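Examining the three-dimensional arrangement
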Amino acid sequence: MSHGPLVVAPRMRPDAATARTYSTAAAAAATRLTPEAAAQLAAFSARSGVVFASSETLLRALTHKSYKDATPSAAGAAAALPAAATAADYEANEKNTLLGDRLLIFHLTQFVMRKYPALPAHAVESVVRAFCGDSALASVGRNLGVPEVMRWKKTLPSSASSARPPATADNAAAAAGATQAVSAVVVARVVQSLVGAIFREHGAPGVAAFIKGHILSREVDVVAHLRLNANPKGTLRAILAAQKKPPPVSRMLQETGRLSSNPVFIVGVYSGIEKIGQGFGSSIAMAETRACKNALETHYLRQVKDVDVGVDIDAGLSFFDAVADPLADVSASRVSANVAAKSSADSTPVVATRPPTPRVGSGRKRIVSQRKESAV
């Protein structure tokens, strides 16, 4: 899978304090990195498109916190990279990892909610985790070549390695699988650290470019994250009621072999005269259930084209303004109509009118005639 280079917004000229920080970091990097290590980090930057002003920033982003307790035999690092790491390296990595995790969740959540405005909350959360979960980020990191340049502790945690079983082929395979699982989590954390470092140097546009080039290029089956098995017809009825549409009605479209051992029924679900779903099955109930699920999939998977990643955080604008919600449009139109009516009523001049005088004469005559009749 090929990925495009990281394209970031043009940065303004740094001030004196920032320039001194970069010069200090560059000097520290020059003292810590050998020419081979600098070349290896430069190759990683060229391959992944992740470019920083200082190699020290990249080295810290590639240093996992487990590397602190690693012995020389258990340390996982490229031969050219420096073996020593400072407390500042671990502190920067942990902060970048925390920041990168939150940024990925934020940007991908707003992207999924804008791309699929009708998707329920549980499906949005599940799809976001499919994009930026540990397994997904580990795959992204392997494609970028992160395992070849990251620094981490190869051995398993003490809880997993306290009991040492006999050395057999099965145990060796199990240990290799456990080590690979731990390394996948470490790769995911390093990718999060890279995202945090990108934000601290390139801002939100750099993170958006990284997500668009390396994470959203992966395909995620959104249908698999929907909960459609629990009462699909009831869910469809509630959605149609919220949209003020007729309730769903099932109609038989085609059937064959009703009296045979392999019957096939095709059922359509209608809302008024509009067919909103269709399904087939070996029984009428199965076909009706599948038709309701098809209608729910059509409703939930409505997409908005040309959705961009990231928002301008400094502008203070909410991405919810762009969500196309038909119910919100109806309520907004009602609110605007009420506001317009109120404004027109306020602008209309008030004219003092005399209330109409009630006509009570006819009533008095009727009462007098009734009294005379009762007297007679």
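Here, the structure is the one placed above.
Report on the accompanying structure. In every chain, residue numbers begin from 1 and rise along the written sequence. Only residues with pLDDT of at least 70 get local features here, since the model is predicted, and only at 80 or more are side-chain atom pairs given and counted; chain-wide, interface and lining totals rely on the full set of residues. Each side-chain value is derived from all of the structure's non-hydrogen atoms; neither hydrogens nor water enter the calculation.

Taken as a class, soluble globular proteins show a tendency for nonpolar side chains to be buried jointly. We define the nonpolar core as a collection of buried residues of types Ala, Val, Leu, Ile, Met, Phe, Trp, Tyr and Cys that are connected through side-chain atoms lying within 4.5 Å of one another. With a 1.4 Å probe rolled over the protein chains alone, any residue whose accessible area is under 20% of its type maximum counts as buried; one over 50% counts as exposed, and the rest are partly exposed. Formed by 59 residues in total, the largest nonpolar core has its most connected members in Val112, Leu119, Val146 and Ile215. In this description a helix means any DSSP run of H or I spanning at least four residues, a strand means any run of E spanning at least two, and both kinds are numbered starting from the N terminus. Those elements that provide at least two residues to this core are helix H2 (35-48), helix H3 (55-61), helix H4 (87-115), helix H5 (121-132), helix H6 (134-144), helix H8 (169-215), helix H9 (232-242) and helix H10 (284-300). Sort the elements by how many residues they give to this core and H8 lands first, with 14 residues. Residue contacts are counted whenever heavy atoms from the two residues lie within 4.5 Å of one another. Once residues within four sequence positions are removed from consideration, Val146 is found in contact with Phe44, Gly141, Val187, Val190, Val191 and Leu194.

So, on to the sheet that holds strand E3 (residues 248-256). Strand pairing within a sheet occurs via backbone hydrogen bonds; the two strands may be parallel or antiparallel. What makes two strands pair is DSSP finding at least two bridges between them. If you trace the three strands from one edge of the open sheet to the other, you get E3-E4-E5, paired in antiparallel fashion. Looking at the sheet topology across the chains shown, the edges are occupied by E3 and strand E5 (274-281). The average angle at which neighbouring strand axes cross in this sheet is 25 degrees, direction not considered. Here eight bridges tie E3 to strand E4 (residues 264-271), and the two strands are oriented antiparallel to one another. Opposite Arg251, over in E4, you have Gly268 as the bridge partner. Of the strands in this sheet, E3, E4 and E5 touch H9, which is tilted by about 135 degrees from E3. Each axis is a line fitted through C-alpha atoms, and for a helix only the stretch in contact is used; angles between axes span 0 to 180 degrees, taken between their N-to-C directions.

Contact pair H4 / H5: the axes reach a minimum separation of 9 Å and the direction vectors enclose 130 degrees. One finds that H4 runs oblique with respect to H5. Pair H4 / H5 crosses with right-handed handedness. The segment H4 lies against H5, with Asp101, Leu104, Ile105, Leu108, Thr109, Val112 and Met113 engaging Val124, Val127, Val128, Arg129, Phe131 and Cys132. Roughly parallel refers to an angle under 35 degrees, roughly antiparallel to one over 145, roughly perpendicular to one between 65 and 115, and oblique to any angle outside these ranges. Definitions for this section: a left-handed crossing has its near helix turned counterclockwise from the far helix by less than a right angle. A right-handed crossing has that turn clockwise.

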